[in-house]
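Single-letter residue listing:
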Amino acid sequence: MALKKGMKNLRDIIDVKVGQEVLRRIKDTKNSCDAHGPIMLPPIPDSKYIDILPEGIPLEGQNAAEKESQDGYEAEVKVYRCFESLDRDIVVLHQLEYSHEQYSAFIPGHICQKKNCRKMCGKNCVQDSEEHILREHPCHNPPKNIEGECDFVAIGSDFVAVFEVKGLQLEPTVQSDVAEKMFHGCCNDALKQRKRMTDLLTSIDSSITIHEFTVLSNIIRRDAVGSQTNLVFKDDLDNFVRWFDVHIPLLSKDSIANWKTEKLMQSLLGLWCINIDNKWDFGKFALTRCIKEVNDKLLKAHVTRKSIEESQLKQNEFLGKGKQKKKNTKYPENELIRDASEIFSHYLNIDCLTSHQQDIFDSNERLLWVDGPAGSGKTVVLLGKVMQFAFDPINKSLNRKAVMVLPDYVDSAVQEYHYNLFNSLQPGLCETISANCEDPLNLISQCSSSIVLLKTRFMGVDSLIGLLCSLTKSGGHHIFFDDLHFDIVGWWAAQTGPSKIVSGQYMPPSIVDMIYELLMTVYENQSDASSSVWIFCDLAQQAGHTWFHQTNIHSKQLQALKLAFIVKTLSVNLRNTCDISMFLSVIRQYFEKKPWYNLETVWLSYFPKQQIGHYHRATKPVIYLIEDEKLDYRHILIKELQKLAGRDSCLDLNDVGILYSDVMKDSYAKIRSDQGKKDMQKNFIFLL
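Residues numbered from 1 in each chain as written. Predicted model: local features only at pLDDT ≥ 70, side-chain atom pairs only at ≥ 80, totals over all residues. Heavy atoms only, no water.

Quick word on the overall build of the protein
Alright, step 1. Scanning the protein for helices and strands turns up 24 helices and 21 strands.
Alright, step 2. The burial tally for the protein puts 49% of its 688 residues in the buried class.
Alright, step 3. Summarising the internal contacts of the protein: among those between residues at least 6 apart in sequence, 73% fall at separations of at least 24.
Alright, step 4. Accessible area for the protein stands at about 34,500 Å²; split by element, carbon and sulfur atoms hold 51% of it. (Helix = DSSP H or I, 4+ residues; strand = E, 2+ residues; numbered from the N terminus. Buried < 20%, exposed > 50% of the residue type's maximum accessible area, 1.4 Å probe, protein only. Contact = heavy atoms within 4.5 Å. Areas by Shrake-Rupley, 256 points an atom, 1.4 Å probe, with all protein chains shown as cover.)

Some details on the sheet that holds strand β2 (residues 91-99)
Alright, step 1. In space, the six strands of this open sheet follow the order β1-β2-β5-β6-β7-β8, with mixed pairing throughout. Each edge of the sheet is formed by a strand with only one pairing partner; in this case those strands are β1 (39-41) and β8 (231-233). When the angles between neighbouring strand axes are averaged without regard to direction, this sheet yields 30°.
Alright, step 2. As paired elements, strand β5 (residues 146-155) and strand β6 (residues 159-166) share four bridges and run antiparallel to each other. Bridge pairing in β6 places phenylalanine 152 opposite phenylalanine 163.
Alright, step 3. Of the strands in this sheet, β2, β5, β6, β7 (209-216) and β8 touch helix α4 (residues 176-204), which is tilted by about 150° from β6. (Pairing = 2+ DSSP bridges. Axes fitted to C-alpha atoms, helices over the stretch in contact; angles between N-to-C directions.)

A few points about the nonpolar core
Alright, step 1. With 42 residues, the main nonpolar core has Phe344, Val386, Met404, Phe422 and Phe480 as its most contacted residues.
Alright, step 2. For methionine 404, the residues in contact, after removing those within four places along its chain, are Leu382, Leu383, Val386, His418, Phe422, Val452, Leu453, Leu454 and Phe480. (Core = buried A, V, L, I, M, F, W, Y, C linked by side-chain atoms within 4.5 Å.)

As for the environment of leucine 216
Alright, step 1. By the element assignment, leucine 216 lies in strand β7.
Alright, step 2. Note on leucine 216: relative accessible area 0%, which makes it buried.
Alright, step 3. For the pair leucine 216 and leucine 231, spaced 15 residues apart in sequence, the C-alpha separation works out to 7.2 Å.

With respect to the sheet that holds strand β16 (residues 532-537)
Alright, step 1. With respect to topology, seven strands assemble into an open sheet ordered β13-β14-β12-β15-β16-β11-β17, the strand pairing being parallel. Each having just a single partner strand, β13 (430-434) and β17 (566-569) make up the two edges of the open sheet. Mean inter-strand twist for the sheet, computed between neighbouring axes without regard to direction, equals 20°.
Alright, step 2. Pairing between strand β15 (residues 478-482) and β16: five bridges, direction parallel.

With respect to the packing of α4 against helix α7 (residues 262-273)
Alright, step 1. At a minimum axis separation of 9 Å, α4 and α7 run at an interaxial angle of 130°. As summarised for this structure, α4 and α7 are arranged oblique, according to the angle between their axes. Handedness of the α4/α7 crossing: right-handed. Where α4 abuts α7, its residues Met197, Leu200, Leu201 and Ile204 lie against Lys263, Leu264, Ser267, Leu268 and Leu271.
Alright, step 2. Class assignment of the residues belonging to the contact of α4 with α7 gives a composition of seven nonpolar, one polar and one charged. (Parallel < 35°, antiparallel > 145°, perpendicular 65-115°, else oblique. Left-handed = near helix turned anticlockwise from the far one by under 90°. Nonpolar A, V, L, I, M, F, W, Y, C, P; charged D, E, K, R; others polar.)

Digging into the packing of helix α12 (residues 378-390) against helix α14 (residues 414-425)
Alright, step 1. Packing of α12 against α14 brings their axes to within 12 Å, and their N-to-C directions diverge by 40°. On the basis of their axis angle, the class for α12 and α14 is oblique. Two packed elements cross with a definite hand, and for α12 against α14 that hand is right-handed. Residues Thr379, Leu383, Val386 and Met387 of α12 form the contact with α14, whose participating residues are His418, Leu421, Phe422 and Leu425.
Alright, step 2. For the contact of α12 with α14, the residue count by class is six nonpolar, two polar and no charged.

Thoughts on the pairing of strand β14 (residues 451-455)
Every other side chain in a regular strand lies on the same face of the sheet, so the side chains alternate between the two faces.
Alright, step 1. Across the five residues of β14, four count as buried, placing the element largely inside the fold.
Alright, step 2. In the sheet, strand β12 (residues 402-405) pairs with β14 via four bridges, with the strands oriented parallel. Counterpart to alanine 402 in the pairing with β14 is isoleucine 451.
Alright, step 3. Bridge count between β13 and β14: five bridges; the pairing is parallel. Paired with cysteine 430 across the strands is isoleucine 451, a residue of β14.
Alright, step 4. Since β13 and β14 lie parallel, the crossover through helix α15 (residues 440-446) that links them has a hand, and here it is right-handed. (Right-handed = clockwise from strand over helix to strand, strands pointing away.)

A word on the packing of aromatic side chains
Alright, step 1. Counting across every chain of the model gives 16 aromatic pairs.
Alright, step 2. Seen in terms of ring centroids, phenylalanine 83 and phenylalanine 152 are 5.3 Å apart; in terms of plane orientation they differ by 35°. Their pairing is tilted. Placement of the pair is phenylalanine 83 in helix α2 (residues 61-84) and phenylalanine 152 in strand β5, with a sequence separation of 69 residues. Just as phenylalanine 83 is buried, phenylalanine 152 falls in that class too.
Alright, step 3. Taken together through their ring pairs, the aromatic side chains of Phe83, Phe152, Phe163, Phe213, Phe240, Trp243 and Phe244 make up a single cluster.
Alright, step 4. One cation-aromatic arrangement involves lysine 385 over phenylalanine 361; the distance from NZ or CZ to the ring centre is 5.4 Å. (Phe/Tyr/Trp six-rings, centres within 6.5 Å; stacked < 30°, edge-to-face > 60°. Lys NZ or Arg CZ within 6 Å of the ring centre and 35° of its normal.)

What to know about the pattern of salt bridges
Alright, step 1. In total, this model carries 24 salt bridges according to the counting rule given.
Alright, step 2. Across the salt bridge formed by glutamate 293 and arginine 289, the nearest N and O atoms sit 3.2 Å from each other. With glutamate 293 and arginine 289 both in helix α8 (residues 287-299) and four residues apart, the pair spans about one turn of that helix.
Alright, step 3. Classification of arginine 289 as partly exposed rests on a relative accessible area of 32%.
Alright, step 4. A salt bridge links arginine 617 to aspartate 579; the nearest nitrogen and oxygen atoms lie 2.8 Å apart. Here aspartate 579 lies in helix α22 (residues 578-590) and arginine 617 lies in the loop between β19 (611-612) and α23 (634-645), a separation of 38 residues in the sequence.
Alright, step 5. A relative accessible area of 6% means that arginine 617 is categorised as buried.
Alright, step 6. Note on aspartate 579: relative accessible area 7%, which makes it buried.
Alright, step 7. Several salt bridges share partner residues, and in doing so they unite Glu74, Arg81, Glu84, Asp579 and Arg617 into one network. (Salt bridge = Lys/Arg side-chain N within 4 Å of Asp/Glu carboxyl O.)

Some words on the confidence of the model for the protein
Alright, step 1. Mean pLDDT over the protein: 77, with 69% of residues reaching 70 or higher.
Alright, step 2. Between residues 599-605, whose pLDDT stays under 50, and residues either more than four places distant or in other chains, the model counts 21 contacts.
Alright, step 3. In the model, residues 646-650 has pLDDT below 50 throughout and makes 14 contacts with residues more than four positions away in sequence or in other chains. (pLDDT = per-residue confidence, 0-100.)

Quick notes on unusual backbone geometry
Alright, step 1. The linkage connecting leucine 41 with the following residue, proline 42, adopts the cis geometry, with an omega of 0°.
Alright, step 2. Locating proline 42 in the fold gives a position in the loop between β1 and α2.
Alright, step 3. Phi is positive for asparagine 278, which is not a glycine, with a value near 60°.
Alright, step 4. In this structure asparagine 278 comes out as buried when scored by relative accessible area, which is 17%.
Alright, step 5. Not every positive phi belongs to a glycine, and asparagine 399 is a case in point at roughly 60°.
Alright, step 6. Considering the arrangement of structural elements, one finds asparagine 399 in the loop between α13 (393-397) and β12.
Alright, step 7. Assessed through its relative accessible area of 33%, asparagine 399 is described here as partly exposed.

Pasting the structure below:
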């Protein structure tokens, strides 16, 4: 059937205006850096179903539907990671979605495949299911309706492969006849999706070899039911490189400029890049943009579909797209995540909190100890509580201060960050005061700011505790310790000297005793109930943990110290991607294998577990677990840096950051010099 003029114009847009430009950019990237391996589009998996749902209970209603979609999404992520591991020059499109209008631009007058279509049986009918027989008739979907989608399309030099992924799980409790029906239903559904896609591919170029497969990522081959063909099972994914080489053999090593599939790839790239409104954005396939979008969502704690979609509505209104009617979308119910209080959303631009974070923020305890691993939101809650205290007009009228004791044993940007944050909210809200000055108590009392950042660099802990005791007695000030585990090292260094840290000598018992003295001061002032001490801590992050944990004396002291507090725990990781937080949860378990973990009174047993908090995905992390603490691991970082920014990399050094110390600067400078990129220094950040 001939294309109508409008359809022909649309196909020209997809093929030429969009697809040709995307292909040109891919070729330029390949040629400029001689990169080898798959090109993944998008560069990171697109996260749709990100909510963490309740565990250990049967799910119903929207939660059950969400879990089913999430299982399917997680199955796709598993396959995405397998494609990343291939050592083949291919282009992989993930979630290729197209509208009826776009599909018709390639296959005009295609046959309707809608289930339960009202145009019932007649001449030339086809069997659709046991219940219904449908007349074969042209598709009548509205132009902007989604016609179909394909989970993965892999394009090589002389082939194209279609993969439909299913997250079906056959529980042992399911009866065999029910399991068989589920299995065949799943496979038949995938077969229809594959056919729709192969019809599209054939319409573009019928000469190209087409492979098609259904991936059952949660089922092993021996549990398969029936004799379905072209299936990929969980055990195949476990050795995907070998499976791929066997089923899709490499027949040509031509460069991408000479691929036989160029015409087909151009059309598919254009179709992937264009949206249902026939608009396109070439930035869609940029790695840096994808990472930034995920990072923005994590910074704002957009860890539910509800928070993301509501934020998008607000953004559209801000951009002048008019006030859009809010959809009556049903979202999953998760008691673990709550809408953040106004102080977080308004001042910190954070839209979601865990229920445990909110519970701590709402607490009015005078002595509170908060345990929580990295990324669980300790500092976020602390900042919210400090601002709540500072903006309280009663505290302002009584000249009460929120005193934040921050780790300052090395040059750190933490204090500068907090200082700039508070004063950006209200000029003069925060002031930094050194505890080493001549009369810090007087300076704190006389300053006009409601928040004081107390610098304690190598200060004797006895002097510091004496100062804090005076503060609790003199005016009902509130003391907040952020990351006490770092403070302890700094105080130890001040009291014993840095050389004794290196030699592994133990922390003087007087440090814990002196903190206890501070707590007693708070107890002695119970009558006015105006002062408080809050400690936020993660002892697993304790620097030099081996020599610090090897003595039972300290475990007894710290347990005794915590007994004076109300102890609350944060465990859910909202700050990191799902991939990283899962890695961290495993690394957290590493401590349990250390010999000092099983000490009878060890305080390590109080470490909270590290739990994932959402399903946002990003680039695949590479993590080294180093058991030998004396190992010089600079060569590992140098090797990874060379992979990212070496001569055979597509990445510019602008795309790379290192979380390490300044000992890497010389190594980085050498690599930069070797590449002739002397102007990159300003864009490369070392976090100390």
